[in-house]
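# What the coordinates show
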Amino acid sequence: MLRVDTRVVQLRAKLFRGLGDSSRLAILDALRAGPRSVGEIVASTGLSQPNASNHLRCLNECGLVAGEQRGRFVHYRLSDPHLETLLSLADELVAGTAQGVYPCRNYEPGKSD
């Protein structure tokens, strides 16, 4: 019998908790097209500048995005190409197999486990 590595499962849960916020997912979606400044992220996501900056700090501290100073502005990018793959797979999953996610009430925004 295969034993589940609880440490790995907890780490995955932490990763998905970080990805489980719609604002952070919107930022990651914006960065799929390439590096963006905070102003460009705000323009493409509709988030306020303080909100976007707060989520970028979180994503940066958790290693999901990386920032590079370019003159007066920091440009953020996905830190690992696997994130693009993960987001693409999530899109495919939601479009196909996981059609039950939309009507599911268990994971409504603001609802905690």
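Note that the structure is predicted; figures quoted are calculated from it, not measured. (Residues numbered from 1 in each chain as written. Predicted model: local features only at pLDDT ≥ 70, side-chain atom pairs only at ≥ 80, totals over all residues. Heavy atoms only, no water.)

## Things to note about the sheet that holds strand 3 (residues 73–78)
As a reminder, the rule being used: Note: two strands are recorded as paired if DSSP finds a minimum of 2 bridges between them. Going along the chain from the N terminus, every DSSP run of H or I of four or more residues is numbered as a helix, and every run of E of two or more is numbered as a strand.
The strand order 1-3-2 describes an open sheet built from 3 strands, whose pairing is antiparallel. The open sheet has two edge strands, strand 1 (36–37) and strand 2 (65–70), and neither has a second partner. Sheet topology places strand 2 next to strand 3; 6 bridges connect them, and they run antiparallel. By the bridge assignment, Ala66 is partnered in strand 3 with Arg77.

## Examining the UniProt feature "domain: HTH arsR-type" (unreviewed entry) in the protein chain
Basically, it comes down to this: UniProt positions are given in the numbering used here, feature names are shortened, and annotations may be inferred rather than shown by experiment.
The feature "domain: HTH arsR-type" (unreviewed entry), as annotated in UniProt, sits at residues 4–98 in this numbering. As a span, residues 4–98 carries 63% helix and 15% strand, and end to end its C-alpha atoms are 24 Å apart.

## Here we look at the nonpolar core
Let me state the cut-off plainly: Note on terminology: a nonpolar core comprises buried Ala, Val, Leu, Ile, Met, Phe, Trp, Tyr and Cys residues joined through side-chain atoms within 4.5 Å. For each residue, the accessible area found with a 1.4 Å probe, counting protein chains only, is set against the maximum for its type, and the residue is called buried under 20%, exposed over 50%, and partly exposed in between. Residue contacts are defined here by distance: any two heavy atoms, one from each residue, within 4.5 Å place the two residues in contact.
Residues Ile27, Leu28, Leu31, Leu56, Val65 and Tyr76 are the most contacted members of the largest nonpolar core, which totals 16 residues. The set of elements that each furnish at least two residues to this core consists of helix 2 (22–31), helix 3 (38–45), helix 4 (49–61), strand 3 and helix 5 (81–95). Each residue touching Leu31, except ones within four places of it in the same chain, is listed here: Arg36, Ile41, Val65, Tyr76, Arg77 and Leu78.

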